[in-house]
Amino acid sequence: MVKVPLYPQGTRIRVRRGDYPLDPAMVGREGTVILLHRTRKRRYGIQLDGEDRIRAFDESELEATAAASGIGEAGAHRGGGGSDVPS
């Protein structure tokens, strides 16, 4: 069975409480899906607004705020994370 990601690269998201303990300071923050973990299908690499680093979140901790834009608009072209798409 093939699992289709709920949030493709470039999707704008908001962090919410999910299935795992989460730092309360993360709840409500917004960012962009930069990468999908290939071995852990429910894990996403998210670049939160105002940060350079990529943080890992579980699918249950995310909610979409906007449809996916191009990954080039997601911050990866500024050195903000890796992707399969050349910049």
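A brief look at the structure comes next.

Concerning the sheet that holds strand β5 (residues 62-66)
Link 1 in the chain: Judged by pairing direction, the sheet is antiparallel, and its five strands sit side by side in the order β4-β3-β2-β1-β5 without closing on themselves. Each edge of the sheet is formed by a strand with only one pairing partner; in this case those strands are β4 (55-58) and β5. The sheet shows a mean angle of 50 degrees between the axes of neighbouring strands, direction not considered.

Side note on the pairing of strand β1 (residues 12-15)
Link 1 in the chain: Covered by surrounding structure in β1 are I13 and V15 only, the residues R12 and R14 on the alternate face being uncovered.
Link 2 in the chain: Note that β1 and strand β2 (residues 30-36) share three bridges and pair antiparallel. Counted as the bridge partner of R14 is E30 from β2.
Link 3 in the chain: Sheet topology places β1 next to β5; four bridges connect them, and they run antiparallel.

Cut-off values and rules
Residues numbered from 1 in each chain as written. Predicted model: local features only at pLDDT ≥ 70, side-chain atom pairs only at ≥ 80, totals over all residues. Heavy atoms only, no water. Pairing = 2+ DSSP bridges. Helix = DSSP H or I, 4+ residues; strand = E, 2+ residues; numbered from the N terminus. Axes fitted to C-alpha atoms, helices over the stretch in contact; angles between N-to-C directions. Buried < 20%, exposed > 50% of the residue type's maximum accessible area, 1.4 Å probe, protein only.

By themselves, these are just geometric observations and shouldn't be taken as functional.
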